[in-house]
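One letter stands for each residue in the lines below.
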Amino acid sequence: MRAQVATQSVPLRSMPPEFIYTSYKLARHYPPDRTVLEDISISFYPGAKIGVIGPNGAGKSSLLKIMAGLDDGFTGEARLTPGFTVGYLSQEPQLDPTKSVKGNVLDGVGEVARLIDQYNAVMAKLP
């Protein structure tokens, strides 16, 4: 007679998704002696919502610029997984001094403004 062994199917834990952004021991120094980031290690999963808070001069903008690939004056590692992008909206956008405020704003929303103009032109032709 054979002994029967009870078996139970146990689902394997799924692997965590790959990080889309990782930094390791990131530091940002501004000569001659100003350090705003030091030993920063962070990672984000796809879909993560993050907030960066801190007092003025703490390095928030520096961190975001590094993450967006706009600042390469750092030490440590910063990596965005291929296939992903980072958007960055500067606190102090570069404005065209030859344009009015409205002209500069329209530069930023140009595509949407064109779509609205096309929509209005079609609507104007309807009875």
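The shown structure was predicted, so the numbers you read here are calculated from the model rather than taken from an experiment.

Peer 1: Help me out: how do you make sense of the pairing of strand β1 (residues 21-30) in this one?
Peer 2: The side chains of a regular strand alternate between the sheet's two faces. Sheet topology places β1 next to strand β2 (residues 34-44); 7 bridges connect them, and they run antiparallel. Paired with H29 across the strands is T35, a residue of β2. Where β1 hands over to β2, the hairpin turn is made up of 3 residues, counted between the paired strands.

Peer 1: I keep staring at the side chain of D71 and nothing clicks. Help me out?
Peer 2: Tracing the sequence through the fold places D71 in the loop between α1 (60-67) and β3 (74-80). Of note is the side chain of D71, whose polar atom sits 2.8 Å from the backbone nitrogen of G73.

Peer 1: It is not clear to me how the pattern of salt bridges should be interpreted in this structure. Could you clarify?
Peer 2: For side chains bearing opposite charge, pairing can occur when the charged atoms are close. Per the counting criterion, the structure on display carries 4 salt bridges. Residue K25 is joined to D39 by a salt bridge in which the shortest nitrogen-to-oxygen separation is 4.0 Å. In this pair, K25 is assigned in strand β1 and D39 in strand β2, connecting sequence segments 14 residues apart.

Peer 1: Explanation requested: a nonpolar patch on the surface in the structure shown.
Peer 2: Together, V101, V105, L106, V109, V112 and I116 give the surface a local cluster of nonpolar side chains, amounting to about 520 Å² of exposed area. It is helix α2 (residues 101-108) that provides the largest number of residues to the nonpolar patch, a total of 3 residues. Within the secondary structure layout, V109 lies in the loop between α2 and α3 (110-125).

Peer 1: Just checking my understanding: could you explain the layout of surface pockets for this structure?
Peer 2: One simple way to see leftover space: roll a probe sized like a water molecule over the atoms. Its volume calculated, the largest pocket comes out at about 180 Å³. As for the largest pocket, its lining consists of I20, Y21, F44, Y45, G47, A48, I50, M67, L80, T85, V86 and G87. Considered class by class, the residues forming the lining of the largest pocket number 9 nonpolar, 3 polar and no charged. As a volume, the second largest pocket reaches approximately 150 Å³. Lining the second largest pocket, in full, are Y30, R34, V36, N56, G57, A58, G59, K60, S61, S62 and Q91. Of all the elements in the fold, those that place two or more residues in the lining of the second largest pocket are β2 and α1. Here the element with the most residues in the lining of the second largest pocket is α1; it accounts for 3 residues. For the lining of the second largest pocket, the class distribution of residues is 3 nonpolar, 6 polar and 2 charged.

Peer 1: How should the packing of aromatic side chains be read in this particular structure?
Peer 2: Pairs of aromatic rings are described using the distance from one ring centre to the other and the angle between the two planes. Enumeration according to the criterion identifies 2 aromatic pairs in this entry. Plain terms: the ring middles of Y21 and F44 are 6.1 Å apart, the flat faces sit at 25° to each other, and that makes the pair stacked. With Y21 in strand β1 and F44 in strand β2, the pair connects residues that are 23 residues apart, well separated along the chain. You can call F44 buried: its relative accessible area is 15%.

Thresholds applied
- Residues numbered from 1 in each chain as written.
- Predicted model: local features only at pLDDT ≥ 70, side-chain atom pairs only at ≥ 80, totals over all residues.
- Heavy atoms only, no water.
- Pairing = 2+ DSSP bridges.
- Helix = DSSP H or I, 4+ residues; strand = E, 2+ residues; numbered from the N terminus.
- Polar contact = N/O pair within 3.5 Å; in protein donor to acceptor, adjacent residues only side chain to side chain.
- Salt bridge = Lys/Arg side-chain N within 4 Å of Asp/Glu carboxyl O.
- Patch = residues over 30% accessible without salt bridge, like charges linked within 9 Å, V, L, I, M, F, W, Y side chains within 5 Å.
- Areas by Shrake-Rupley, 256 points an atom, 1.4 Å probe, with all protein chains shown as cover.
- 1 Å grid on protein atoms, 1.4 Å probe; cavity = no way out; pocket = protein on both sides within 12 Å on 5 of 7 lines; lining within 4 Å.
- Points joined across faces, edges and corners; volume = space filled by probe spheres on them.
- Nonpolar A, V, L, I, M, F, W, Y, C, P; charged D, E, K, R; others polar.
- Phe/Tyr/Trp six-rings, centres within 6.5 Å; stacked < 30°, edge-to-face > 60°.
- Buried < 20%, exposed > 50% of the residue type's maximum accessible area, 1.4 Å probe, protein only.

Shape is all these values report; function is a separate question.
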